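Structural overview
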Amino acid sequence: MAPAAMTRALAASLADAEPVSFWLEDPGKPAVLPALTGDTSCDLLVVGGGYSGLWTALLAKERDPGLDVVLIEGHEVGWAASGRNGGFCAASLTHGLANGLERWPGEIRQLEELGARNLDAIEEAVARYGIDCDFERTGEIDVATRPHQAEELRDWHRETADLGFDGLEFLDQDALRAEVDSPTFLAGLWDRRGVAMLHPARLAWGLKQACLGLGVRIHERTRGLGLARSGAGMAVRTPYGRVFARQVALGTNIFPSLVKRVRPYTVPVYDYALMTEPLTGEQLASIGWRGRQGLGDSANQFHYFRLTADHRILWGGYDAIYPYGGRLSAELDQRPDTYLTLAEHFFTCFPQLEGVRFSHAWGGAIDTCSRFSAFFGTAHGGRVAYAAGFTGLGVGATRFGGDVMLDLLSGAETERTRLEMVRSKPLPFPPEPFAWAGIGLTKWSLARADENGGRRNLWLKSMDRLGLGFDS
């Protein structure tokens, strides 16, 4: 197809796409709760109504049903990253086994065990609270689409097996295409138990209902504007009032932390996704995918994709956009150039789906840190705890982060608080214009590596030695 004709065909596939998250349009969305007006007091204030804050509030009430817990959310529960992600709920707490092995080799087995227990606990909570979020523990396949990626997957499979990590199954081209059929697929690694697929917004809304059922007081459209000491506790100022709390847990992630010294540790990354119309039975049969696994390719600039309950395909990733100065804006939620790129890649992967149209196209910001996985800490003499930097893998890890924040606030030493991962911090990002220049050079270098057999240039090798990086 000529370039002009191809562009027209891609644009036509996007012509009717709604510029909103498919998940957030679900008719099961609960009513928005009133904003806080006036002053109130509580034992624990949770700031942020995404997964991080919701899990923290829920776990706090499970630990102590008598605890008075208030949660405030600046917009609506699940509105930000928690309602816009791909719905991959991973056991990994370290943004994958490779990243964990590189950074915390001495405690990686413990981290993997804690992650597996955390995912089991999420599955159990979904069942116990009756959260209707299409939870499917189908696993995820890491897919090679270039020969060097296939060799890297085979080598990684051998290495993990030699180290005693036996949860990965190597798939050659025939075995992989028997699972999901794409002419671009060369090999794969299937983690059968370490990832679940779910409806991300319904998970957030279900956690909201579970919190309310345990007595958590939730105020939406109530932004935390300032944090200050107040007697033996803390006070958080909101647009129409204040919350006086003995302790505060901050689950604001990409939004500027109320503890200002934490802000340099994260930068926003805008990630984008497309959702197809529901596939017909014939279209679905043409690609197989009977196991309904999540998939992600092995490139540095990677795609993630999965099936929904009504047989749509979500296709996201590739472009990770850092706005100069870390600017957050609703205007950045839409990026037509990226949608055209994603649509082109989709039809390259699945040419048998030519003619399929996209029903939704959206984006949103996630927080990344230089080590790609969450970091934790306290402020104001242990009265405030925070967790941030989940780097696109927070659907599952935020529950662990909630447990860590509650452990830190309790002052007790636990298995979690003894972890080097919990006790250490990533390197902060430099100020502008150095952050912009460094991230831009890193992205360019990663793209070059993808086109150059995976070979990393001097810049990437230097970043590797320093333990720095940029990811989504």
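Please read these numbers as outputs of a predicted model, since none were measured by experiment.

Basis of the calculations
Residues numbered from 1 in each chain as written. Predicted model: local features only at pLDDT ≥ 70, side-chain atom pairs only at ≥ 80, totals over all residues. Heavy atoms only, no water. Helix = DSSP H or I, 4+ residues; strand = E, 2+ residues; numbered from the N terminus. Rg over C-alpha atoms; globule rule 2.2 N^0.38 Å. Buried < 20%, exposed > 50% of the residue type's maximum accessible area, 1.4 Å probe, protein only. Contact = heavy atoms within 4.5 Å. Polar contact = N/O pair within 3.5 Å; in protein donor to acceptor, adjacent residues only side chain to side chain. Core = buried A, V, L, I, M, F, W, Y, C linked by side-chain atoms within 4.5 Å. Salt bridge = Lys/Arg side-chain N within 4 Å of Asp/Glu carboxyl O. Patch = residues over 30% accessible without salt bridge, like charges linked within 9 Å, V, L, I, M, F, W, Y side chains within 5 Å. Areas by Shrake-Rupley, 256 points an atom, 1.4 Å probe, with all protein chains shown as cover. Pairing = 2+ DSSP bridges.

For the protein, the helix and strand inventory stands at 13 helices and 18 strands. Taking 2.2 N^0.38 as the reference for a compact globule, 472 residues should give roughly 23 Å; the C-alpha atoms of the protein span a radius of gyration of 22 Å, in line with that estimate. Seen through its principal axes, the protein has C-alpha atoms that stretch 70 × 45 × 45 Å. A buried classification covers 56% of the 472 residues belonging to the protein. Contacts spanning at least 24 positions in sequence make up 76% of the contacts within the protein whose residues lie at least 6 apart.

Turning our attention to helix H13 (residues 458-466). Between a side-chain oxygen at the N-terminus of H13 and the backbone nitrogen of Trp459 the separation is 3.2 Å; the capping residue is Asn457. The first or second residue beyond H13 is Gly467, which carries a positive phi of 75°.

Counting residues in hydrophobic clusters, the biggest one holds 62 residues, and the most contacted among them are Leu44, Val69, Phe135, Leu203, Leu207 and Phe376. In this view, Phe135 contacts Leu119, Ile122, Glu123, Val126, Ala196, Met197 and Leu198; residues no more than four positions away in its chain are not counted.

With that settled, the discussion passes to the pattern of salt bridges. Under the definition given, this model contains 28 salt bridges. Measuring nitrogen to oxygen at the nearest pair gives 3.1 Å for the salt bridge that ties Arg84 to Asp333. Taken together, the residues Arg84 in the loop between strand E2 (69-72) and strand E3 (88-90) and Asp333 in the loop between strand E15 (313-317) and helix H9 (336-349) connect sequence positions 249 residues apart. Measuring nitrogen to oxygen at the nearest pair gives 2.7 Å for the salt bridge that ties Arg177 to Asp181. A single salt-bridge network, built from bridges that share partners, covers Arg63, Arg399, Asp403, Asp407 and Arg416.

Inspection of the secondary structure assignment puts Leu468 in the segment after H13. Distance from Leu468 to Val422, taken between C-alpha atoms, is 18 Å for residues 46 residues apart in sequence. Those residues in contact with Leu468 that sit more than four places away from it in its chain are Ser370, Leu427 and Met463.

Our focus in this paragraph is a nonpolar patch on the surface. A surface patch of nonpolar side chains, about 290 Å² in accessible area, is lined by Leu441, Trp444 and Trp459. Topologically, Leu441 is positioned in helix H12 (residues 434-451).

Bridging between strand E4 (residues 140-144) and strand E6 (residues 187-191) involves five bridges; their strand directions are antiparallel. Within E6, the residue paired with Ile141 across the bridge is Trp190. In terms of strand pairing, E4 meets strand E13 (residues 294-297) through four bridges, oriented parallel. When the bridges of E13 are listed, Val143 appears paired with Asp297.

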